[in-house]
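The residues making up each chain are set out below.
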Amino acid sequence: MADYKNGWYEGFMNEEYPVISNVFKKMKITIPSDVCVDVGCDIGSTALFLKKFGCKQVIGYDTDQSVKDHLLPNSIDSLHLNELSINELKEYIDKGYFLKFDCEGCEEKYLLYLKTYNNAMICIHNNVKDYTNESYSFMLNGYIPIFHSKDWKEICYINLPNF
């Protein structure tokens, strides 16, 4: 788990959040789904962001068991301390839920199902086995980049209906 007490949470709030929030405001983006699924939810900072832009309920997934002890208030409504299964992903896609993936390399497993889904945000990390950010960008049909880390080791893409 990211160590929010030693700067991770502040890093998110000071680096990623303002940039992505600005993009959402300038492009007048709202989350088109009442329910969001946050894969790689960590302490819930992105869940709070999603709620600010229209999501009413966040289902969180994280494989780190200690996450439950550090959740931010009012962030994750339903926490699952396991990997999202492909069957669960298909169910969420069928329901039209907004999907957010930032799971430090697990994206590869889900990419086949996400590459044409137009209600998602996915953050790709350069530590993903056998992939580079460039190859992912070719596979993410219709997704546009909205954020990159200062060191370019993470790029976040979004694809929304009527976008």
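Just above sits the structure.
Residues numbered from 1 in each chain as written. Predicted model: local features only at pLDDT ≥ 70, side-chain atom pairs only at ≥ 80, totals over all residues. Heavy atoms only, no water.

Engineer: Account for the side chain of K100, naming residues and giving values.
Structural biologist: Along the chain, the position of K100 falls in strand β4 (residues 98-101). Within the structure, the side chain of K100 is placed 3.3 Å from the backbone oxygen of G40, a separation counted as a polar contact. Residues in contact with K100, not counting those within four places in the same chain, are V37, D38, V39, G40, T46, L50 and M121. (Helix = DSSP H or I, 4+ residues; strand = E, 2+ residues; numbered from the N terminus. Polar contact = N/O pair within 3.5 Å; in protein donor to acceptor, adjacent residues only side chain to side chain. Contact = heavy atoms within 4.5 Å.)

Engineer: An account of the environment of A47 is requested, with residue identities and associated values reported.
Structural biologist: Inspection of the secondary structure assignment puts A47 in helix α2 (residues 45-52). Expressed as a C-alpha distance, the spacing of A47 and V37, which sit ten residues apart in the sequence, is 8.8 Å. Excluding residues within four positions of it along the chain, A47 makes contact with D38, V58, S75 and I76.

Engineer: Could you give me a rundown of the sheet that holds strand β3 (residues 78-80), with the residues and numbers involved?
Structural biologist: The strands making up a sheet associate through hydrogen bonds between their backbones, and the pairing can be parallel or antiparallel. Spatially, seven strands are ordered β3-β2-β1-β4-β5-β7-β6 in an open sheet, and the strand pairing comes out mixed. Strand pairing shows two members of the sheet lacking a second neighbour, β3 and β6 (144-148), which therefore form its edges. Neighbour to neighbour, the strand axes of the sheet diverge by 20 degrees on average, direction disregarded. As defined by bridge partners, β6 adjoins strand β7 (residues 154-159) across four bridges and the pair is classed as antiparallel. Counterpart to H148 in the pairing with β7 is I155. (Pairing = 2+ DSSP bridges. Axes fitted to C-alpha atoms, helices over the stretch in contact; angles between N-to-C directions.)

Engineer: How would you summarise the pairing of strand β2 (residues 57-61) if you had to cite specific residues and measurements?
Structural biologist: In terms of burial, β2 is a largely internal element, four of the five residues being buried. Pairing of strand β1 (residues 35-39) with β2, which is carried by five bridges, proceeds in the parallel orientation. The residue of β2 that forms the bridge with D38 is G60. The sheet contact formed by β2 and β3 spans three bridges and is parallel. Along β3, the bridge assignment pairs Y61 with H80. (Buried < 20%, exposed > 50% of the residue type's maximum accessible area, 1.4 Å probe, protein only.)

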